[in-house]
Amino acid sequence: MKTSVLLFLSTVLIAPYSAADSTHHWGYQGKRGPAHWGRLDKSFATCQSGLNQSPINIKQGFDTELPALSWNKPIQTKSIINNGHTIQLNVEPGSILTWQGETYELKQFHFHTPSENQIDGKSFPLEMHLVHANEQGKLAVVAVMFEQGHVNQQLQQLWGDLPKADEQQALSHTIAWQSLLPAEWDYFYFNGSLTTPPCTEGVRWFVIKSPVKVDPQQVAKFAKVLPTGTNNRPVQAINARQVLK
Ligand SMILES: [Zn+2]
């Protein structure tokens, strides 16, 4: 588990530079689409056999006292990458999320259109995933939904120039990534997986309930640099899992 997660993280970071490697052998449509991921590569088997897969449709949550999310300090974004599956922002090290006594460092964040998770069957035009890992390689993903509205100024700064597939760019404007979060951080919590191959399970998911705004033209600009215009895995069965809120 630890090895595969670390492999995943390094794949995510290295993928943009080698168009021919196996990370490009999957996609979002046709024979390489989500319905086939589990059979494309032995290492992707969990995509098909896993019982705790992400994303999900969050229908109702079990009321409980969840601890507040908190990060240590504002940290700047560093570079922007189009890895052929999404637009990913890398950040300067040092963003530490503390949750129930565990600490997770933010590694990168990226986007999906339309949203992958749904809330009460509702899909959103855009979803942001903040991918964190602790020292053992366990992952924690914080998801933020974007609903249609005014221009999102923070995104506007980050997405001034979106790289084409397999390109990395320095950012013309860096921002403190926390400025992309909504004012309220109440969240749904559940156990899930990576939403891309190898679909590794054991990922802590935090879906923030309050959405932020995005202008449809901003979403369209993002969709335009994706190979097939969308990059959302369909919702997966909840099975025995419980969503906490
Ligand atoms: Zn994601």
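Residues numbered from 1 in each chain as written. Predicted model: local features only at pLDDT ≥ 70, side-chain atom pairs only at ≥ 80, totals over all residues. Heavy atoms only, no water.

A. Main features of the overall build of the chain. The helix and strand inventory of the chain stands at 5 helices and 13 strands. Against the compact-globule benchmark of 18 Å for 245 residues, the chain has a radius of gyration of 17 Å, which places it among compact chains. The proportion of buried residues among the 245 residues of the chain is 50%. A separation threshold of at least 6 residues defines the contact pool for the chain, and within that pool the share at least 24 residues apart is 68%. Of the roughly 11200 Å² of accessible surface on the chain, 52% is carried by carbon and sulfur atoms. (Helix = DSSP H or I, 4+ residues; strand = E, 2+ residues; numbered from the N terminus. Rg over C-alpha atoms; globule rule 2.2 N^0.38 Å. Buried < 20%, exposed > 50% of the residue type's maximum accessible area, 1.4 Å probe, protein only. Contact = heavy atoms within 4.5 Å. Areas by Shrake-Rupley, 256 points an atom, 1.4 Å probe, with all protein chains shown as cover.)

B. Summary view of the state of the cysteines. In this structure the tally under the stated criterion is 1 disulfide. A sulfur-sulfur separation of 2.1 Å characterises the disulfide bridge that pairs cysteine 47 with cysteine 199. Sign of the S-S torsion, about 90° for the bond between cysteine 47 and cysteine 199, identifies this disulfide as right-handed. On the criterion of sequence distance, the pair formed by cysteine 47 in helix α3 (residues 46-49) and cysteine 199 in the loop between β11 (187-193) and β12 (201-208) is long-range, its members being 152 residues apart. Its relative accessible area of 8% is what places cysteine 47 among the buried residues. (Disulfide = S-S within 2.5 Å.)

C. Molecular detail of the confidence of the model for the chain. With 90% of its residues at a pLDDT of at least 70, the chain reaches an overall mean of 90. Below pLDDT 50 for its whole length, residues 13-22 participates in 16 contacts with residues either more than four positions away or in separate chains. (pLDDT = per-residue confidence, 0-100.)

D. Geometry of the coordination of the zinc ion. The coordination sphere of the zinc ion, as far as protein atoms go, consists of His110 (NE2), His112 (NE2) and His129 (ND1), spread over 2.0 to 2.1 Å. Look at where the donors of the zinc ion fall in the sequence and you get H-x1-H-x16-H. You can see histidine 110 sitting in strand β6 (residues 102-112) and its partner histidine 129 sitting in strand β8 (residues 126-133), a full 19 residues away along the chain. Of the two residues, histidine 110 and histidine 129, both sit in the buried class. (Donors = N, O, S within 2.8 Å, 3.2 Å for Na, K, Ca; no water.)

E. Main features of the pattern of salt bridges. On inspection of all chains with the given rule, the structure shows 3 salt bridges. For the salt bridge of lysine 107 with glutamate 105, the shortest nitrogen-to-oxygen distance reads 3.1 Å. Overall, glutamate 105 belongs to the partly exposed group, its relative accessible area being 22%. Lysine 213 is the partner of glutamate 147 in a salt bridge, and the nearest nitrogen-oxygen pair spans 2.6 Å. (Salt bridge = Lys/Arg side-chain N within 4 Å of Asp/Glu carboxyl O.)

F. Fine view of the pairing of β8. Of all the 8 residues making up β8, 8 are buried; the element is thus mostly covered by neighbouring parts of the structure. Residues Leu126, Met128, Leu130 and His132 line one face of β8 and the alternating positions Glu127, His129, Val131 and Ala133 line the opposite face, and both faces are buried. Pairing of β6 with β8 involves 7 bridges; the strand directions are antiparallel. Paired with leucine 106 across the bridge in β8 is histidine 132. (Pairing = 2+ DSSP bridges.)

G. Focus on the side chain of threonine 195. Inspection of the secondary structure assignment puts threonine 195 in the loop between β11 and β12. Side chain to side chain, threonine 195 and glutamate 116 meet in a polar contact 2.6 Å long. (Polar contact = N/O pair within 3.5 Å; in protein donor to acceptor, adjacent residues only side chain to side chain.)

H. Quick look at unusual backbone geometry. Residue proline 55 is bonded to the preceding serine 54 through a cis peptide linkage, with omega at 0°. Checked against the element boundaries, proline 55 lands in the loop between α3 and β1 (57-58). In this chain, proline 197 is followed by proline 198 through a cis amide linkage whose omega measures 10°. Position of proline 198 relative to the elements: it lies in the loop between β11 and β12. With a phi angle near 50°, glutamine 100 is a residue other than glycine that sits in the positive phi range. Mapped onto the secondary structure, glutamine 100 falls in the loop between β5 (96-99) and β6.

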